[in-house]
Amino acid sequence: MSENKLSDDSKIIISRRSFLKGIVAGSGALMVSNGWGIFSMAYAGDKQYTMIIVDYNKCTGCRTCETACSAYNHKASVNGESINGLGNPYLSNIKVYQFNPDVDVPRVCAMCPDNPCIEACPVDPDPKGRRALYRHETTGAVTNDPDRCIGCGSCAEECRVGVITPNSETNMPERMCTLCDGDPQCVKLCPFNALTQVTVDTSRGMYAMRPEQIADALTKQWYSAE
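Below is a summary of the structure that appears in this document. (Residues numbered from 1 in each chain as written. Predicted model: local features only at pLDDT ≥ 70, side-chain atom pairs only at ≥ 80, totals over all residues. Heavy atoms only, no water.)

1. A word on the pattern of salt bridges
The final tally for this structure, using the stated rule, is 8 salt bridges. In this structure, arginine 63 engages glutamate 66 in a salt bridge whose closest nitrogen and oxygen atoms are separated by 2.5 Å. Exposure remark for arginine 63: the relative accessible area of 36% places this residue in the partly exposed category. Assessed through its relative accessible area of 1%, glutamate 66 is described here as buried. A salt bridge links glutamate 137 to arginine 130; the shortest N-O distance between them is 3.6 Å. For glutamate 137, a relative accessible area of 56% translates into the label exposed. One salt-bridge network, held together by shared partners, links Asp126, Lys128, Arg130 and Glu137. (Salt bridge = Lys/Arg side-chain N within 4 Å of Asp/Glu carboxyl O. Buried < 20%, exposed > 50% of the residue type's maximum accessible area, 1.4 Å probe, protein only.)

Encoded structure:
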């Protein structure tokens, strides 16, 4: 527990975050820490998938992840050189939802091994067996081919986490995690080490839950009088 003693007679000021870190480290952390054990492998054929998970006890809702993601995935060109972009949070593939009471929930693609979004794509597979929505050959990230996508929105409807967002003009899917070519910038630049890249395990706690569901679970755990 983090304490800041202002004077001999002053009260000890304890931030909500520091307090929660202390109590959640005990028996009350079972629900959140359920996803921090040994991760089983998730395969599709011979392909192993990875995803980004969140330690909600560490996340402060600072939104650094949004800036890092947006800057890397929406690069700018300066004098013919490609560099990280401005980092507009609106363009980020990871989005931080903030709830009251104070709960911060970053939402990111769950990389579902059974591929409900891809299976929903009505476009016929190409010679490589890929629909308009497919798995990136190197990273395994869900990827869209704009030249073949018909903008039907079926993938967004089937997304369990609600990550896939149709473009307002083309209706083509956006906001799928790219894993930043194998080096996720949100993980790399999170100032509190709240994000980790792990092998997908569908049995871990809170897997593929929507932000409001996670917030409800955390609120009950952190703020319940029981």
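Having seen it, we continue.
2. Some remarks on empty space enclosed by the protein
Here the structure, examined in full by the defined rule, presents 6 cavities of 30 Å³ or more. Considering the residues around the largest cavity, the lining is formed by 19 residues, among which Tyr56, Val108, Arg204, Met209 and Ile214 are closest to the centre. When contributions to the lining of the largest cavity are tallied by element, the ones reaching two or more residues are strand 5 (50–54), strand 9 (103–107) and helix 7 (211–223). Top contributing element to the lining of the largest cavity by residue count: strand 5, with 4 residues. Considered class by class, the residues forming the lining of the largest cavity number 16 nonpolar, no polar and 3 charged. (1 Å grid on protein atoms, 1.4 Å probe; cavity = no way out; pocket = protein on both sides within 12 Å on 5 of 7 lines; lining within 4 Å. Points joined across faces, edges and corners; volume = space filled by probe spheres on them. Helix = DSSP H or I, 4+ residues; strand = E, 2+ residues; numbered from the N terminus. Nonpolar A, V, L, I, M, F, W, Y, C, P; charged D, E, K, R; others polar.)

3. Examining the environment of leucine 91
If you trace the backbone, leucine 91 turns up in the loop between strand 7 (81–83) and strand 8 (95–99). A residue is classified by how much of its surface remains accessible, and leucine 91, at 28% relative accessible area, is partly exposed. Residues leucine 91 and serine 70, spaced 21 residues apart in sequence, show a C-alpha to C-alpha distance of 5.5 Å. With sequence-adjacent residues up to four places away left out, leucine 91 is seen in contact with Ser70, His74 and Arg175. (Contact = heavy atoms within 4.5 Å.)

4. A short note on the packing of aromatic side chains
One pass over the structure, following the stated rule, counts 0 aromatic pairs. One Lys or Arg, arginine 130, reaches over the ring of tyrosine 134 and ends 4.2 Å from the middle of that ring. Looking at arginine 175, its charged tip hangs above the ring of tyrosine 90, at a distance of 5.1 Å from the centre. (Phe/Tyr/Trp six-rings, centres within 6.5 Å; stacked < 30°, edge-to-face > 60°. Lys NZ or Arg CZ within 6 Å of the ring centre and 35° of its normal.)

5. Focus on the pairing of strand 9
The buried fraction of strand 9 amounts to 5 of the 5 residues, a majority that puts the element mostly inside the structure. Of the two faces of strand 9, the one carrying Val103, Val105 and Arg107 and the one carrying Asp104 and Pro106 are both buried. Two elements, strand 8 and strand 9, share 5 bridges in a ladder whose sense is antiparallel. Following the sheet pairing, glutamine 98 is matched in strand 9 by aspartate 104. (Pairing = 2+ DSSP bridges.)

6. Looking at the nonpolar core
Residues Met51, Tyr56, Met111, Leu133, Ile164 and Leu195 are the most contacted members of the largest nonpolar core, which totals 50 residues. Taken together, the elements giving at least two residues each to this core come down to strand 5, helix 3 (64–73), strand 9, helix 4 (116–120), helix 5 (154–158), strand 14 (195–199) and helix 7. Take this core: its biggest share by element is 5 residues, from helix 7. When residues no more than four places from it in sequence are discounted, the contact partners of leucine 195 are Ile52, Ile53, Val54, Cys65, Ile94, Cys186, Val187 and Cys190. (Core = buried A, V, L, I, M, F, W, Y, C linked by side-chain atoms within 4.5 Å.)

7. Some details on unusual backbone geometry
Backbone torsion omega between asparagine 100 and proline 101 reads 5°, so that peptide bond is classified as cis. Looking at the element boundaries, proline 101 is found in the loop between strand 8 and strand 9. We note that asparagine 171 has phi near 65°; this positive angle belongs to a residue other than glycine. Structurally, asparagine 171 can be placed in the loop between strand 12 (165–166) and strand 13 (173–174).

8. Considerations on the layout of surface pockets
Each pocket or cavity is described by its volume, and for the largest pocket that value is around 370 Å³. For the largest pocket, the lining is made up of 20 residues, of which Asn93, Glu174, Arg175, Met176 and Thr178 are closest to its centre. Secondary structure elements with two or more residues in the lining of the largest pocket: strand 11 (142–144) and strand 13. For the lining of the largest pocket, a count of residues per class yields 7 nonpolar, 10 polar and 3 charged. The computed volume of the second largest pocket comes to approximately 300 Å³.

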